[in-house]
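# Report on the structure
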Amino acid sequence: MTFTIPIDNGDALKNAEADSQRTLYPYVTGTSIVAIKYKDGVLMASDMGGSYGSTLRYKNIERMQAIGKHSLLGASGEISDFQEILRYLDELVLNDNMWDDGNSLGPKEVHNYLTRVMYNRRNKFNPLWNTLVLGGVKNGESYLGMVSMIGVSFEDNHVATGFGNHLARPILRDEWRADLSFEEGVKLLEKCMRVLLYRDRSAINKLQIAKITEEGVTVSQPYSLKTFWEFSAFHNPTAGAQGSW
Amino acid sequence: MSQSAVEVPPKGGFSFDLCKRNDMLIQKGLKAPSFLKTGTTIVGLIFKDGVILGADTRATEGPIVADKNCEKIHYMAPNIYCCGAGTAADTEAVTDMVSSQLRLHRYQTGRDSRVITALTLLKKHLFSYQGQVSAALVLGGVDITGPHLHTIYPHGSTDTLPFATMGSGSLAAMSVFEAKYKEGLTREEGVKLVAEAICSGIFNDLGSGSNVDICVITKEGKEYLRNYMEPNPRTYVSSKGYSFTKKTEVLLTKITPLMERVQITEVGEDMEE
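Residues numbered from 1 in each chain as written. Chains lettered and ligands numbered in written order. Predicted model: local features only at pLDDT ≥ 70, side-chain atom pairs only at ≥ 80, totals over all residues. Heavy atoms only, no water.

### Section: a nonpolar patch on the surface
A grouping of L24, Y25, Y27 and Y52 of chain A is seen on the molecular surface, where their side chains present a nonpolar patch of about 450 Å² in accessible area. With respect to the helices, strands and loops of the structure, Y25 of chain A is situated in the loop between α1 (16-19) and β1 (28-30). (Patch = residues over 30% accessible without salt bridge, like charges linked within 9 Å, V, L, I, M, F, W, Y side chains within 5 Å. Areas by Shrake-Rupley, 256 points an atom, 1.4 Å probe, with all protein chains shown as cover. Salt bridge = Lys/Arg side-chain N within 4 Å of Asp/Glu carboxyl O. Helix = DSSP H or I, 4+ residues; strand = E, 2+ residues; numbered from the N terminus.)

So this is what it looks like as structure tokens:
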């Protein structure tokens, strides 16, 4: 991908030509990702929707992919930039395999690589419009980290992107424990995804949960959550005040 | 034909003249004065016997905490209370105004106030100011028709809900409610859930903090639990205490009660509280 920057022009980034060479807005976007560390590794959940502005354009986008043997990458934000990142990581893993030395890239290394890529793109005012979640297990140690489109990177026991930060993090801060079993972890993630389904307008009721352990990565089949709409207050909101709204 | 223009009586509604002036001043570079916002978490929920309202107690002025322990649950009527988020002056003024309107209405009708009366008075006022009165309210109470809970937005729209949250911490509190609310909660369960939602706002939102206030309203009456929970106590107090250096010497201590020097004349009736 080449881009020309006029050398003699001080407003290089402000003229129309430069605009067509860099990312200004996201177009097809994925919503939140929620991920937690649990007893045997890392669990990550995402829905399968790709929104085109306010239209729900794509309903079968897998926003979580395995990277190498030890890592799982989830992305929210621009889908085309996510696919570009997957191509970069493909090349990275290929080169690593070609050494054929028995070593393989762990989650910490992949996270570091992604942080460098994202930060350098941001410094050139041409960001990859994603927030990435990187989870993995290597040599018995679980790892969970996040990189944003401006290069902010950190690791934690539970992370969430986008709306998940506001709606899922409070629940996780309250209820996460280090020794969650697989079933408890899935239940906790489903609790968060249900709240997101109720309160995030770009969420859809078709989600996948991915698990990564020492054995490897498994991404579940898509399924949907049960929702509850039978509150009596919803049946007749204007009881006691006929004609009001 | 007279030369002077005919005097037209002023039309009702909000006059937007100064808005144009404000825009012009901001363009010229004037910084608008910051106002005290309550950057808040306020919640309400309906339980088996009535309504429970909850609020945090932090009032912010930009990045500074202006009041560590303010009261955000306002009195509207003996059976109706209202939590307010947004600009503190606006929430105070609008709830006070509607509270006195309700009182006059009670004197006139001889009946207890209804929640939808408060709702309609508030929404009419806020709509006529087109969102310039920045008050987002959670109104709850129990009247002859049962328990009611409403949210009112600064532009004047309202919702009727079984559970509601408003303010900057509303998402943190709403995630607790969406995950844990059920119908037919008992008083203890309801208070516990409201406290949990407010704590979620206090600890996960920077605009909310300090203590939890709760108000429980039932058909029998109300219970205003000020500072129901204080999860942010001041834990370090210097054990040595504070010693102030001696400044002026005390020469003589003589106490003269002021009552002896003052004449009190009983004129007229006392003002009623």
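### A look at the pattern of salt bridges
Applying the stated rule across the entire model yields 14 salt bridges over all chains. The residue D179 of chain A makes a salt bridge to R177 of chain A at a minimum N-O spacing of 3.1 Å. Of the residues examined, R177 of chain A reaches a relative accessible area of 39% and is grouped as partly exposed. Residues E196 of chain B and K180 of chain B are paired through a salt bridge, measuring 2.4 Å at the closest nitrogen-oxygen approach. You can see E196 of chain B sitting in helix α5 (residues 187-204) and its partner K180 of chain B sitting in helix α4 (residues 170-180), a full 16 residues away along the chain. By relative accessible area, which is 21% here, E196 of chain B ends up partly exposed. We classify K180 of chain B as partly exposed; its relative accessible area is 28%. Through salt bridges that share partners, E175 and K191 of chain A together with K180 and E196 of chain B make up one connected network. (Buried < 20%, exposed > 50% of the residue type's maximum accessible area, 1.4 Å probe, protein only.)

### What to know about the confidence of the model for chain B
Confidence along chain B averages 87 in pLDDT terms, with 89% of residues attaining 70 or more. Our summary of model confidence lists the complex with pTM equal to 0.80 and ipTM equal to 0.80. (pLDDT = per-residue confidence, 0-100.)

### As for the sheet that holds strand β12 (residues 207-213) of chain A
All names here are of chain A. With antiparallel pairing, five strands are arranged side by side in an open sheet as β11-β2-β3-β12-β13. Every interior strand has two partners, whereas the edge strands, β11 (158-160) and β13 (216-219), have only one. When strand polarity is set aside, the average angle formed by the axes of neighbouring strands in this sheet is 15°. In the sheet, strand β2 (residues 33-38) pairs with β11 via three bridges, with the strands oriented antiparallel. Counterpart to I36 in the pairing with β11 is H158. (Pairing = 2+ DSSP bridges. Axes fitted to C-alpha atoms, helices over the stretch in contact; angles between N-to-C directions.)

### Let's talk about the packing of helix α6 (residues 182-199) of chain A against α4 of chain B
Each pair of packed helices can be summarised by the angle the axes make with each other and by the distance between the axes. Two elements in contact, α6 of chain A and α4 of chain B, have axes separated by 9 Å at closest approach and are oriented at 110°. Taken together, the axis directions place α6 of chain A and α4 of chain B in an arrangement best described as roughly perpendicular. Seen from α6 of chain A, the contacting residues are K191, V195, Y198 and R199 of chain A; seen from α4 of chain B, they are M174, S175, E178, A179 and K180 of chain B. Looking at the contact of α6 of chain A with α4 of chain B, its residues break down into four nonpolar, one polar and four charged. (Parallel < 35°, antiparallel > 145°, perpendicular 65-115°, else oblique. Contact = heavy atoms within 4.5 Å. Nonpolar A, V, L, I, M, F, W, Y, C, P; charged D, E, K, R; others polar.)

### Some details on the interface of chain B and chain A
Quoted interface sizes are often the accessible area lost when the parts come together. With 22 residues of chain B at the contact, the number on the chain A side is 22 residues. Between chain B and chain A the total buried area reaches about 1,900 Å² when both faces are included, carbon and sulfur atoms providing 62% of it. Counting across the interface, chain B meets chain A through two salt bridges. A salt bridge links E175 of chain A to K180 of chain B; its shortest N-O distance comes to 3.3 Å. Only α3 (115-128), β9 (158-160), α4 and α5 of chain B provide two or more residues apiece to the side of chain B that touches chain A. (Buried area = accessible area lost by both parts, 1.4 Å probe.)

### Considering the UniProt feature "active site" (unreviewed entry) in chain B
All names here are of chain B. According to UniProt, the "active site" (unreviewed entry) feature falls on T40. Its place among the elements puts T40 in the loop between α1 (17-28) and β1 (42-46). Among residues more than four places away in sequence, those in contact with T40 are D56, K72, G84, A85, M166, G167, S168, G169, D205, G207 and S208. At a separation of 3.0 Å, a polar atom in the side chain of T40 contacts the side chain of K72. (UniProt positions renumbered as here; feature names shortened; annotations may be inferred. Polar contact = N/O pair within 3.5 Å; in protein donor to acceptor, adjacent residues only side chain to side chain.)

### Digging into the packing of aromatic side chains
For the structure shown, the criterion picks out ten aromatic pairs over all chains. Residues Y75 of chain B and Y81 of chain B carry aromatic rings whose centres are separated by 5.7 Å and whose planes lie at 80° to one another, so their mutual orientation is edge-to-face. Judged by its relative accessible area of 37%, Y75 of chain B falls in the partly exposed class. The exposure class assigned to Y81 of chain B is buried, which follows from its relative accessible area of 7%. Every member of this aromatic cluster is reached through a ring pair, and the members are F228, F231 and F234 of chain A together with F163, F177 and Y181 of chain B. (Phe/Tyr/Trp six-rings, centres within 6.5 Å; stacked < 30°, edge-to-face > 60°.)

### Remarks on the nonpolar core
With 40 residues, the main nonpolar core has L45, I52, L53, F177, Y181, V194 and I214 of chain B as its most contacted residues. Here the element with the most residues in this core is α5 of chain B; it accounts for eight residues. Those residues in contact with Y181 of chain B that lie beyond four places of it in its chain are F231 of chain A together with L45, I46, P162, F163, V176 and L193 of chain B. The next biggest cluster of nonpolar side chains, apart from the first, holds 22 residues, and it includes I36, M193, L196 and L207 of chain A. (Core = buried A, V, L, I, M, F, W, Y, C linked by side-chain atoms within 4.5 Å.)

### With respect to the pairing of strand β7 (residues 71-78) of chain A
Residues and elements named next belong to chain A. Within β7, eight of the eight residues are buried, which leaves it mostly tucked inside the rest of the structure. With two bridges joining them, β1 and β7 adopt antiparallel strand pairing. Its bridge partner being in β7, G30 is matched across the sheet by G77. Across four bridges, the pairing between strand β6 (residues 64-67) and β7 is antiparallel.

### Considering the side chain of R106 of chain B
Residues and elements named next belong to chain B. Position of R106 among the secondary structure elements: in helix α2 (residues 88-109). With no salt bridge to any partner, buried R106 finds its closest opposite charge in D112, at an N-O distance of 5.6 Å. If we skip the residues at most four places from it in the chain, R106 touches Y75, A77, P78, R111, D112 and S113. (Lys, Arg positive; Asp, Glu negative; His and termini not counted.)

### What about the environment of L189 of chain A?
Residues and elements named next belong to chain A. As for its position among the elements, L189 is in helix α6. Under the relative-accessibility criterion, L189 is labelled buried at 0%. Between the alpha carbons of L189 and I36 there is a distance of 7.9 Å; along the sequence they are 153 residues apart. With residues up to four places along the chain from it excluded, the contact list for L189 reads V34, A35, I36, L43, M44, A45 and I209.

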